[in-house]
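Residue-level structure breakdown
Next come the chains, spelled out residue by residue.
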Amino acid sequence: MATNFFQQQDLARRNTRLLVVIFGMAVLSLIVLTNLLVMISLGFVQDVQSSFMLPWEVISSISLVVIAVVGLAITAKWQRLKQGGRTIAEALGGIRVTPDTADSAERRLLNVVEEMALAANLPVPPVYLLPESGINAFAAGYSQSDAVIGITQGSLQQLSRDELQGVIAHEFSHILNGDMRMNIRLIAILNGILFIGHIGYYLLRSGRGSSALMSSRTRNKNAGGLLLFGIGLVVIGYLGSFFGNLIKAAVSRQREYLADASAVQFSRNPLGISGALKRIGGYQAGSKINHPNADEMSHLFFGEALSRWTSIFATHPPLAKRIQRLDPTWNGRFAATTSPKKTSAEQTTSDSPALSARQSMLAALPLLLSQSSHQLLPAKAIVCAMLLTPEQLATQLAMIKNQGSPTLLQQVDQLADEVSRLPLAQQVQLLQLTIPTLKQLSAIEFQQFSALLQQLTANNPSLQAWLCLNFIQHSVASQFSAKNVHHRAHSHSLAQLQPQLTLLFSALADCAGPEQAEPAWHAAWQQLALPKVPAKPVTDYQALTAALPMLINAAPKVKQQLWQAVLVTIAADKHFSDAEQAMTNLLAMLLEMPVPLTADFS
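Here we summarise the structure given alongside this text. What you see is a predicted model; the values in this text were computed from it and never measured.

The subject of this paragraph is the overall build of the protein. The number of helices and strands found in the protein is 25 helices and 4 strands. Pairs at least 24 apart in sequence give 79% of the contacts found in the protein among residues at least 6 apart. Carbon and sulfur atoms form 58% of the exposed surface of the protein, whose accessible area is close to 25,800 Å².

Have a look at this one:
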């Protein structure tokens with residue numbers, strides 16, 4: 001059965017709320033234990049026993065200090081992670097793989113990532129390589145626009161193409177299931193819980209260092225109290241670590257089973273991901289990650305990143321159980337892993353028994369264009385070429401020369417005819433392929449390029465041009481500013497979005513043509529089932545651009561209702577062209593809709 005990613009994203013949001021409740025209980029425990037520790041260390045326990053009165057002023061002060069310390073620790077970690085996926089990849093020692101890499105293993109990896117991105121109808125994410133011998137991978141980010149894929153060197157060396165495809169499909173499942181945002185929040189929250197213990201370690205170190213500067217009597221008295229207090233905080237920190245690891249394990253395990261099942265949906269090959277898990281079981285290095293930051297980020301990975309002294313702290317289900325669900329015929333034995341032999345055919349095509357339509361179309365792209373999408377200047381030229389119109393051609397070419405560069409104009413001249421001959425579906429794929437390349441631009445370079453794209457579309461008010469422009473701007477802008485990243489849902493009902501929906505469905509209804517625009521408009525509002533149907537306004541793309549953040553930040557259940565209305569609107573004219581389907585797929589990516597399979601309009 002196909003996975004309903006809207007429902008899974010909503011479940012991830014509910015898990016996040018549960019996480020907040022558990023976190024509140026953990027902080028309450030920290031407050032009680034810290035108060036008890038302070039009262040014992042400073043002698044308040046005897047005063048309480050003699051007067052039968054609790055020192056509420058002291059308790060209040062300590063409680064506020066604990067809350068402030070935990071809150072500051074969470075905020076500090078949150079600010080460091082605010083840029084999204086690339087921050088996490090770099091924190092784990094990841095090095096970005098450039099889209100134009102000449103290394104054969106890295107090129108094979110990028111090809112697999114591109115195939116899975118097209119199968120999942122997502123922007124192609126940047127890929128980071130971790131210098132680790134274990135077989136492992138992760139997806140990180142807040143949303144589709146800032147997601148990255150990280151993978152270890154061991155995975156490149158040990159996995160066949162099909163196995164690599166299964167691992168990457170698993171990570172794309174996490175992106176679509178909404179797990180990434182929950183995982184980042186878990187990192188920040190656990191940092192707050194564990195910070196009390198870090199203070200204890202600091203006090204123990206400072207106590208040893210400062211004791212040498214005191215007289216023997218003062219040193220023994222003060223250092224003893226500091227040592228006791230520090231040890232107490234360390235013990236509290238260990239308790240926080242204990243419950244923090246339990247939280248990670250509880251939140252992560254079932255999501256891993258779901259991602260395994262969804263990976264089969266993308267790759268169409270259950271033996272790929274099960275084969276990767278079998279290789280981990282028979283490989284000496286397993287899936288272990290040796291980086292110092294692996295502990296706090298262990299729940300992000302494809303396989304168990306750390307050795308655990310007990311299974312209750314494991315962030316992943318046992319390998320054998322995961323394999324058995326994917327391959328019921330497995331005999332339960334792990335063979336010793338050696339590097340798989342890679343044939344020349346394997347390096348260029350997939351061994352998967354059923355290539356998806358999008359993968360087949362990727363293979364059908366002209367070699368010139370697919371290679372150009374991996375190089376910075378040609379990638380910019382591809383985007384410009386998609387926005388050219390016969391009516392404005394001379395003016396647009398002059399803009400490219402003056403606001404871009406003569407070299408960019410030369411690239412556009414070389415690629416424009418090739419791009420224009422492609423059906424819109426393949427043009428959309430080209431756009432997806434350019435994303436990791438364009439994310440190599442500096443912030444100033446992207447700002448200049450974005451201004452050029454806006455000028456190219458200023459006199460071309462069409463849904464296709466608007467979608468292309470805003471898809472590039474939304475997907476690439478997250479690289480440079482955290483405010484462009486979708487951090488959380490804001491709109492929780494269709495009624496809250498009615499002004500924005502009016503603008504969107506006006507543009508969609510116009511695609512049906514002058515005679516069918518009104519019926520398409522009313523079909524959309526009938527599907528939305530809002531109490532009042534507004535009159536169809538004249539489409540205003542500038543206002544629609546301003547409305548985009550509200551639409552992108554809608555809650556998953558709202559997006560599911562919105563998506564059904566989009567399909568009804570497109571289907572209203574009873575003509576289901578490939579161009580309409582391509583624009584619908586592009587709209588889904590722009591609004592970060594988790595709809596990986598081709599829309600069915602029948």
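Quick look at the sheet that holds strand β3 (residues 137–140) now. Taken in spatial order, the 4 strands make up an open sheet running β1-β2-β4-β3, and their pairing is mixed. Each edge of the open sheet carries a strand with a single partner, namely β1 (95–97) and β3. In this sheet, adjacent strand axes meet at a mean angle of 30° when their direction is disregarded. Two elements, β3 and strand β4 (residues 148–152), share 4 bridges in a ladder whose sense is antiparallel. Paired with A137 across the strands is I151, a residue of β4. The sheet strands contacting helix α5 (residues 104–119) are β1, β2 (127–130) and β4, and the helix crosses β2 at an angle near 135°.

Moving on: the nonpolar core. Counting 123 residues, the largest nonpolar core has F172, I472, L501 and F505 as its most contacted members. Ranked by the residues each element gives to this core, the list is headed by helix α20 (residues 463–477), at 10 residues. Look past the residues within four positions of F505 in its chain and what remains in contact with it is W521, A524, L528, L562, A565, V566 and T569. The next biggest cluster of nonpolar side chains, apart from the first, holds 23 residues, and it includes F23, V27, L37 and L186.

The topology assignment puts A259 in helix α9 (residues 216–267). Spatially, the C-alpha atoms of A259 and D179 are 9.5 Å apart, while their sequence positions differ by 80 residues.

This brings us to helix α10 (residues 270–282). Over its 13 residues, α10 runs 19 Å from end to end, which matches the ideal 18 Å to within 8%, given 1.5 Å per residue. Three or more residues of α10 are buried, namely G272, I273, S274, G275, A276, L277, R279, I280 and G282.

Over its 16 residues, helix α24 (residues 556–571) runs 23 Å from end to end, which matches the ideal 22 Å to within 8%, given 1.5 Å per residue. Of all the positions in α24, only P556, V558, K559, L562, W563, A565, V566, L567, T569, I570 and A571 are classed as buried.

The geometry of α24 relative to helix α25 (residues 578–590) is characterised by a closest axis approach of 11 Å and an angle of 160° between their N-to-C directions. Considering the angle they form, α24 stands roughly antiparallel to α25. Regarding α24 and α25, the two cross each other, and that crossing is right-handed. Listed contacts from α25 to W563, V566, L567 and I570 of α24 are E580, T584, L587 and A588. For the contact of α24 with α25, the per-class residue count stands at 6 nonpolar, 1 polar and 1 charged.

Basis of the calculations
Residues numbered from 1 in each chain as written. Predicted model: local features only at pLDDT ≥ 70, side-chain atom pairs only at ≥ 80, totals over all residues. Heavy atoms only, no water. Helix = DSSP H or I, 4+ residues; strand = E, 2+ residues; numbered from the N terminus. Contact = heavy atoms within 4.5 Å. Areas by Shrake-Rupley, 256 points an atom, 1.4 Å probe, with all protein chains shown as cover. Pairing = 2+ DSSP bridges. Axes fitted to C-alpha atoms, helices over the stretch in contact; angles between N-to-C directions. Core = buried A, V, L, I, M, F, W, Y, C linked by side-chain atoms within 4.5 Å. Buried < 20%, exposed > 50% of the residue type's maximum accessible area, 1.4 Å probe, protein only. Expected span 1.5 Å × (residues − 1). Parallel < 35°, antiparallel > 145°, perpendicular 65-115°, else oblique. Left-handed = near helix turned anticlockwise from the far one by under 90°. Nonpolar A, V, L, I, M, F, W, Y, C, P; charged D, E, K, R; others polar.

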